[in-house]
Amino acid sequence: MENSNSTTKKDWNNFLFNEILVSIFTSLNVVDLAVASLVCKSWNRACRDPSLWHKLDLSRMSSYCLNIPNDYHAWNDKDSSTKMTQFLKTPNLKRLVLPMTGFLTMGGVNRAMKSWGGLESITISAMVPNSYIFSAIGKYCKNITEMKFSCEFEEDHADAIIEHTPNLKVLSIRTIIVSMKALRRVLTSLEHLEAVNICHSLIINKSHRGSRVVVYGIGDLRKHFPSSCLGKLIFCEGRRCLRCKRRDTTPSRRYGCHDDIWRQDEITSLAH
Amino acid sequence: MAEETESTKTEPLKTAEEEFKKLEITEEEESELKLETSDHVTFMVEASIAMKFGAVQQYLEVSPAASASATAIPLHNVASRELILILEYYRMHDWVDAGERDLKEFDERFLKDLNYEELKELLLAANYLNVEKLFNFLTKSIANIIRNKDVEFVRTFFGIDNDYTPEEEAAYREENAWAGVKFV
């Protein structure tokens, strides 16, 4: 009797310890998880917990992988697609952050999206050509309702998401250059859209030849959009916004991804 | 513990009232709770520290009478070895004179002195007792130690035995080759 009691207690403790390990591992990135999974069997079991695989931030991995912080070229080699498909054993993935730069083939992207059919949220970077990432998402990931852009947001993007992700609810296009026409198009065409984050972004309109650029302030947006659209916008204080001011006076802080600022977000589910 | 009150004796004489007030305060500071561990060892613990344990708080909410020191509060899933460590940690962090550097040194040594089995038991005990500060310290430190390290370093640091067969290890190494995991 005593013996069986102590076995159950031991089992219970092992179960609890597994839970504790999982909670420790939640703060690790994918490379550290790979290391942890090799340490011993009990750690391996904990590393396979589905809760650790809801979100995959490949942009963090690219830096850690080569141990060079902020190396934007880590994904530029020919193995990138192979690397990404290594994660295909994580079918519960809910949120994916693509690496900042690099090259992923059409085949690689299609395979990846196919196995991540449960994706609900994705951050798009400049690395994947528009021509096939959106069609792959539209084809395989029908549950996507949240999208964030860490590259420029142009008319092509607007058309692609209107066509392939008609159920989009949340869009974050903050701290980047946003085309006024593209913004107008998503606001008027995506009927399920609830929130669009344009904080610290530069809203512009290029003329056909690109020789003339008009910059729009928040006040101008009020004139251009009906109030039903304005209600969905999340914006900063424009000229009075400290972050925008600081960026304008520091030439090195340009719009775009080359700063960790892009990881933050006024929409908390898209911050990472 | 008893030495701490000695200083009151050397104080210059004051009015009886003042002296009485002082006594009251010292008494309050000294109030203790009796805790009994799973291996039936009783500990007299300063209430200020014991009340930081979620499990103790919960117990007293249900049966407030236990705060009278005659009855011991049972800690079914904590052995005396773990409680000693937990008390050591909390007494150090409760000590008013401890500077930031002292605490940092203490924390480092505290973690280093634990072997893997002790660490595991301590985490389980901290989890059961609901001692948030210590639990967070342990989990955060473990994650920090793993970050950016290779497998061998992690094994050596925590003293974890490699329970893989060479074949299993080779298979996992293959599976994780993408991560650039160093595998000595």
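Residues numbered from 1 in each chain as written. Chains lettered and ligands numbered in written order. Predicted model: local features only at pLDDT ≥ 70, side-chain atom pairs only at ≥ 80, totals over all residues. Heavy atoms only, no water.

What follows deals with the overall build of chain A. Within chain A one finds twelve helices and ten strands. For chain A, the residues scored as buried account for 49% of the 272 residues in total. Pairs at least 24 residues apart make up 68% of the contacts formed inside chain A by residues separated by at least 6 positions. Here chain A displays about 13,400 Å² of accessible surface, and carbon together with sulfur accounts for 52% of that area. (Helix = DSSP H or I, 4+ residues; strand = E, 2+ residues; numbered from the N terminus. Buried < 20%, exposed > 50% of the residue type's maximum accessible area, 1.4 Å probe, protein only. Contact = heavy atoms within 4.5 Å. Areas by Shrake-Rupley, 256 points an atom, 1.4 Å probe, with all protein chains shown as cover.)

All names here are of chain A. Read from one edge of the open sheet, three strands run β6-β8-β9, paired in mixed fashion. Since the sheet does not close on itself, it has two edges, and those belong to β6 (177-179) and β9 (213-216), each with one partner. Between one strand axis and the next, the sheet turns by 40 degrees as a mean value, whatever way the strands run. Where strand β8 (residues 202-206) meets β9, four bridges bridge the pair, whose relative direction is antiparallel. Bridge pairing in β9 links Ile 203 to Tyr 216. (Pairing = 2+ DSSP bridges. Axes fitted to C-alpha atoms, helices over the stretch in contact; angles between N-to-C directions.)

So, about empty space enclosed by the protein. All names here are of chain B. For the coordinates displayed, the defined rule picks out three cavities of 30 Å³ or more. Lining the second largest cavity are Leu 111, Leu 114, Leu 119, Phe 157 and Phe 158. Broken down by class, the residue content of the lining of the second largest cavity amounts to five nonpolar, no polar and no charged. (1 Å grid on protein atoms, 1.4 Å probe; cavity = no way out; pocket = protein on both sides within 12 Å on 5 of 7 lines; lining within 4 Å. Points joined across faces, edges and corners; volume = space filled by probe spheres on them. Nonpolar A, V, L, I, M, F, W, Y, C, P; charged D, E, K, R; others polar.)

What follows deals with the UniProt feature "transmembrane region" (unreviewed entry) in chain A. Per the UniProt entry, the sites bearing "transmembrane region" (unreviewed entry) are residues 20-40 of chain A in this numbering. In residues 20-40 of chain A, the share of helix is 76% and the share of strand is 0%. The end C-alpha atoms are 16 Å apart. (UniProt positions renumbered as here; feature names shortened; annotations may be inferred.)

Here the focus is the sheet that holds strand β2 (residues 42-46) of chain B. Sheets are built from strands that pair by backbone hydrogen bonding, the pairs being arranged parallel or antiparallel. Residue and element names in this part refer to chain B. Read from one edge of the open sheet, three strands run β2-β1-β3, paired in mixed fashion. Where the open sheet ends on each side, the last strands, each with one partner, are β2 and β3 (73-75). Going from strand to strand, the sheet's axes swing by 35 degrees on average, the running direction of each strand aside. Direction of pairing for strand β1 (residues 32-37) relative to β3: parallel, over a ladder of three bridges. In the sheet register, Leu 35 faces β3, and the bridge partner there is Ile 73. Helix α4 (residues 54-62) contacts β1 and β3 of the sheet and is inclined by roughly 140 degrees relative to β3. Contacts between helix α5 (residues 80-94) and the sheet are confined to β1, β2 and β3, with β2 contributing the most and set at about 15 degrees to the helix.

Per-residue confidence for chain A averages 78 on the pLDDT scale, and 77% of its residues sit at or above 70. Below a pLDDT of 50 lies the segment residues 62-78 of chain A, which in the model reaches 35 contacts outside its immediate sequence neighbourhood of four places, other chains included. (pLDDT = per-residue confidence, 0-100.)

This paragraph deals with the pattern of salt bridges. All names here are of chain A. If you walk through the whole model with that rule in mind, you get eleven salt bridges over all chains. Notably, a salt bridge pairs Asp 159 with Arg 185, separated by 2.9 Å at the nearest N-O pair. In this pair, Asp 159 sits in helix α8 (residues 155-164) while Arg 185 sits in helix α9 (residues 180-189), placing the two residues 26 residues apart along the sequence. By relative accessible area, Arg 185 is classed as partly exposed at 28%. (Salt bridge = Lys/Arg side-chain N within 4 Å of Asp/Glu carboxyl O.)

What follows concerns the packing of aromatic side chains. Counted by the stated rule, this structure contains 15 aromatic pairs over all chains. Between A:Trp43 and B:Phe158, the ring centres sit 5.9 Å apart and the planes meet at 55 degrees, which makes this aromatic pair tilted. Of the two residues, A:Trp43 is situated in helix α3 (residues 41-47) and B:Phe158 in helix α9 (residues 151-158); the pairing between them involves two chains. Each member of the pair, A:Trp43 as well as B:Phe158, is classed as buried. (Phe/Tyr/Trp six-rings, centres within 6.5 Å; stacked < 30°, edge-to-face > 60°.)

Residues and elements named next belong to chain B. Counting through the fold element by element, Asp 102 comes out in helix α6 (residues 100-112). Relative accessible area serves as the criterion here: at 36%, Asp 102 is assigned to the partly exposed category. On a C-alpha basis, the gap between Asp 102 and Met 92 in space is 9.2 Å, while along the polypeptide they are ten residues apart. Engagement of the side chain of Asp 102 in a polar contact is seen with the backbone nitrogen of Gly 99, the distance being 3.1 Å. (Polar contact = N/O pair within 3.5 Å; in protein donor to acceptor, adjacent residues only side chain to side chain.)

This part takes up the packing of helix α7 (residues 130-140) of chain A against α8(A). Residue and element names in this part refer to chain A. At a closest axis distance of 9 Å, the pairing of α7 and α8 adopts a crossing angle of 20 degrees. For the element pair α7 / α8, the angle class is roughly parallel. You can see that α7 and α8 cross each other, and the crossing is right-handed. Taken together, the residues of α8 that come into contact with α7 (itself represented by Asn 130, Phe 134, Ser 135 and Gly 138) are Asp 156, His 157, Ala 160, Ile 161 and His 164. Taken together, the residues of the contact of α7 with α8 break down into three nonpolar, five polar and one charged. (Parallel < 35°, antiparallel > 145°, perpendicular 65-115°, else oblique. Left-handed = near helix turned anticlockwise from the far one by under 90°.)

All names here are of chain B. Residues Leu 33, Leu 35 and Thr 37 point to one face of β1 and are all buried, whereas Glu 32, Lys 34 and Glu 36, pointing to the other face, are not buried. Note: β1 against β2, five bridges, orientation antiparallel. The residue of β2 that forms the bridge with Glu 32 is Glu 46. Between β1 and β2, which follow one another and run antiparallel, lie four residues, and His 40 among them has a positive phi close to 60 degrees.

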